[in-house]
Amino acid sequence: MLTDYTNQLLQSMQRVFGAQSEMGLATEQLSKQLLEYEKKNFALGKGDEEVITTLQSFAKTVVELNSLHSTLANQMADSMVFPLIQFREKDLTEISTLKEIFGIATDEHEATMVKYSRLPKKKENEKLKTDLVKEVAYTRRKQHQASLQYYCALNALQYRKRVAMLEPMLGYTQAQISFFKKGIELVSKKMDNFLSSVSTMTQSIQAQLDTEAEAMRASQRELLSVEDTVYMPDKDTEPVNRTLIQKAGYLNIRNKTGLVTTAWDRLFFFTQGGNLMCQPRGAVAGGMVLDLDNSSVMAVECEDRRYCFQITSPSGKTSMILQAESKKEYEEWICTVNNISRQIYLTENPEAVAIRLNQSAIQAVTPITSFEKRQEGSPNPDRAKPGGVNAGSSGSLKTGAAPEPEDLIAPGTPIQFDIMLPASEFQDQNRAGGRRTNPFGETDDDCSTESDDSLLQQVFAVRFLGSMAVRCGDNQEVIYEAMRQVLAARAIHNIFRTTESHLMVTSSSLRLIDPQTQVTRISFQLGEVCQFAAHQENGRLMGFVIEGRDWSDGDEEGAPSFSAFVFESNTEGEKICYTISLAKDITEAKKDPEALAQLMKNMPLTNDGKFLLLEPETDDITNGAGQEDLESEA
């Protein structure tokens, strides 16, 4: 804005200089342009009141001198046009250059901080960490130097701008008085004192500029004389302040970019009263992100990043995961949010209350154990596949031509996103022998016998994504189409949260078990599973089709009905499909003792005579017992 105004003012002065015959029109436009300065509302407006008053006085003088023409073009060029050109070419260009340098330094620092934030927590490469720490310190110093130079130039511009606005008009008016004898009596008697005061004011502004520039140079030398360790992250020497009720600084926030993908963004966060605020880069002000009153905060293990913590709203519907750049910042943020959540800031002595609650804040710093983290060490399922059996085949029928989606699933079929089933499906489940697992281990005799006779029991951690009615159960394409429609519906309706469950595959049934209460949420006999497959591209997605009976038409036998169930697993979906296929093989082999004996001979068995698919692991799932109920995101 200042550059635009300077260019406009310079154009007006050049018109005065270059068009002697149009002096009247040019001075009239110049007078209007001087009055426009008051309406511009510049960001750097310190001391503009005097400039506005002076320019208004000059505008009146220009109107009075509208009939006078200057013939001394050289003097006008030296005293009027040249100072403004010098201000535009030197001062404004310098500001633009320093701004670009500061932007480049800021971008380099942001890129370096992103690389530093991605340092792995385990098995850190010391050389890589040392190089990144030095790089962060170098970019921070570079950004600091660029910012100091830029801010010094901005401070100086406040004074130079005022001089550049006043000096040309001072020279212009003096040239008019000097070379127009007819205007001497009209102008000099009224303007001598005014011009003298303007000259004094200009000199005073220049003196203030010199004083301010020297003070800034001294501050710059003092700040740049500190050691590099001041700029290094995670090198805090001061103790953690656990009594804070206000906090501000940069944090990395995890944002969802897709159904199962996330990204980290580095933003500036600060607390204001009982609210957590966030101000993106380039924004004029911050906006509220979360109400911290009665919220909960805890440290979490998140992916491969350090110093992560999670803030959850009182209702539990809103939560966010943030990452601090150092351990000190990490602990102070947790303590600050913990203090604010208890509404300490509303008390008469917040710091005293915070000290009493310090112990609670320390306990919140202890990280929780992630169930998904334990699953990272699961063995390779390929080692448990004898003979290279294809897990997705299951003896299903393969048609020559791909069916149309309308042939697989009726248009407008409703989708069920939770694990609770409609009443009709519960009836089907009861007819099929579905049951509830007693958490105290007390079961009926027939249930105990079935469990003891089961030759296969394998548990997988899965997340239920959705189920829907389908038209057929003899084609894997119906499973792929159901996956596509379920994922698309979740994306359209912004349904991302799912509950983790345990899918138990036995030689007689499939059961979905609550990991905390051990209650069987849904159960299917293995004979009802007519089709199953894993996703062709996303190996963690799998699904199966259940064949049931519909007695709504009054038919005693019931018309066949099919339902597709879609899951996301922590391991490979093909591994689950392979286990279901093996369970079906065992079911068929039970009909022939010789075939069962041959199958048991070819497959490894556990000590209790069950088929072994996974090597036992510490802290892993064992038959779906004793695990936490954890939330995951689809």
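The name an unreviewed UniProt entry gives the chain is DCC-interacting protein 13-beta, with Pleuronectes platessa as the organism.

Draft legend 1. Summary view of the nonpolar core. Leu 9, Leu 34, Tyr 37, Leu 84, Phe 87, Met 165 and Met 169 are the most contacted members of the largest nonpolar core, which has 50 residues in total. Where this core is concerned, the elements lending two or more residues are helix 1 (2-18), helix 2 (23-40), helix 3 (48-64), helix 4 (73-117), helix 5 (126-179) and helix 6 (184-224). When residues of this core are assigned to their parent elements, the largest contribution, 16 residues, is made by helix 5. Dropping the residues within four chain positions of it, Leu 34 is found in contact with Tyr 5, Leu 9, Leu 55, Phe 58, Ala 59, Val 62 and Met 169. Residues Leu 512, Ile 522, Ile 546 and Phe 565 belong to the second largest nonpolar core, which totals 26 residues.

Draft legend 2. Inspection of the packing of aromatic side chains at higher detail. In this structure the tally under the stated criterion is 13 aromatic pairs. Here Phe 544 and Phe 567 contribute two aromatic rings whose centre-to-centre distance is 5.6 Å and whose plane-to-plane angle is 25°, an arrangement assigned as stacked. Here Phe 567 lies in strand 14 (residues 559-569) and Phe 544 lies in strand 13 (residues 541-550), a separation of 23 residues in the sequence. Residue Phe 544 is classed as buried on the basis of its relative accessible area of 2%. By relative accessible area, which is 3% here, Phe 567 ends up buried. A connected cluster of aromatic rings, assembled from ring pairs, spans Phe 464, Phe 524, Phe 544, Phe 565 and Phe 567. In this structure, Arg 266 packs its charged tip against the face of Tyr 250, placed 4.5 Å from the ring centre.

Draft legend 3. Summary view of the sheet that holds strand 1 (residues 248-256). As summarised here, the arrangement of the seven strands in space is 4-3-2-1-7-6-5, forming an open sheet in which the pairing is antiparallel. Looking at which strands have only one partner, the edges of the open sheet turn out to be strand 4 (287-291) and strand 5 (296-299). Strand-to-strand twist in this sheet, taken as the mean axis angle between neighbours without regard to direction, amounts to 40°.

Basis of the calculations
Residues numbered from 1 in each chain as written. Predicted model: local features only at pLDDT ≥ 70, side-chain atom pairs only at ≥ 80, totals over all residues. Heavy atoms only, no water. Core = buried A, V, L, I, M, F, W, Y, C linked by side-chain atoms within 4.5 Å. Buried < 20%, exposed > 50% of the residue type's maximum accessible area, 1.4 Å probe, protein only. Helix = DSSP H or I, 4+ residues; strand = E, 2+ residues; numbered from the N terminus. Contact = heavy atoms within 4.5 Å. Phe/Tyr/Trp six-rings, centres within 6.5 Å; stacked < 30°, edge-to-face > 60°. Lys NZ or Arg CZ within 6 Å of the ring centre and 35° of its normal. Pairing = 2+ DSSP bridges. Axes fitted to C-alpha atoms, helices over the stretch in contact; angles between N-to-C directions.

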